[in-house]
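Observations on the three-dimensional arrangement
One-letter residues, chain by chain:
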Amino acid sequence: MTDTIITIWFFIALIPSTYLIYLCLQCFDYEKILRRGKTRELKIVLFLISVAVAFLFAQCFVTIIERIANIITI
């Protein structure tokens, strides 16, 4: 039962944080380091980076919840 709840919390943290990180990465100006006409590749790279960072955030969030649950149940 606890594993199901932890998995639900993981996806609750992962999906919105992916979107928010993607929006935050779009605020920078990449035109100086990017060739013209490479916007599709930029969006793919930004999406992959945002998924990776969101995964790390969600994993950290779930680990903290697990540790707090372990402290409470002891």
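Definitions and limits used
Residues numbered from 1 in each chain as written. Predicted model: local features only at pLDDT ≥ 70, side-chain atom pairs only at ≥ 80, totals over all residues. Heavy atoms only, no water. Helix = DSSP H or I, 4+ residues; strand = E, 2+ residues; numbered from the N terminus. Rg over C-alpha atoms; globule rule 2.2 N^0.38 Å. Buried < 20%, exposed > 50% of the residue type's maximum accessible area, 1.4 Å probe, protein only. Contact = heavy atoms within 4.5 Å. Areas by Shrake-Rupley, 256 points an atom, 1.4 Å probe, with all protein chains shown as cover. Lys, Arg positive; Asp, Glu negative; His and termini not counted. Charge placed at Lys NZ, Arg CZ, Asp CG, Glu CD. Expected span 1.5 Å × (residues − 1). Disulfide = S-S within 2.5 Å. Salt bridge = Lys/Arg side-chain N within 4 Å of Asp/Glu carboxyl O.

1. Notes on the overall build of the protein chain
Helix and strand content of the protein chain: two helices and zero strands. Relative to a compact globule of 74 residues, whose C-alpha radius of gyration would be 11 Å, the protein chain shows 17 Å and is clearly more extended. Based on the C-alpha atoms only, the size of the protein chain along its principal axes is roughly 60 × 15 × 15 Å. Out of the 74 residues in the protein chain, the part that is buried amounts to 22%. Intrachain contacts of the protein chain at a sequence separation of at least 6 include 83% that bridge at least 24 residues. Working note: accessible area of the protein chain is about 6200 Å², and carbon and sulfur atoms make up 72% of it. One finds the centroid of the 7 positive side-chain charges in the protein chain at a distance of 12 Å from the centroid of its 5 negative side-chain charges.

2. Regarding the side chain of Thr18
Mapped onto the elements of the fold, Thr18 is located in helix α1 (residues 2–26). Those residues in contact with Thr18 that lie beyond four places of it in its chain are Phe47, Ser50, Val51 and Ala54.

3. Section: helix α2 (residues 39–73)
An ideal rise of 1.5 Å per residue puts 51 Å on 35 residues; α2 measures up with 50 Å between its terminal C-alpha atoms. Listed as buried for α2 are Leu42, Leu46, Ser50, Ala54, Ala58 and Val62. Of the surrounding elements, those touching the buried residues of α2 are α1.

4. Quick look at the state of the cysteines
One pass over the full model with this rule turns up zero disulfides. No disulfide involves Cys27; its nearest neighbouring cysteine sulfur is the one of Cys24, lying 6.3 Å away.

5. Here's the deal with the pattern of salt bridges
Enumeration according to the criterion identifies one salt bridge in this entry. Measuring nitrogen to oxygen at the nearest pair gives 3.6 Å for the salt bridge that ties Glu41 to Arg40. Under the relative-accessibility criterion, Arg40 is labelled exposed at 60%.

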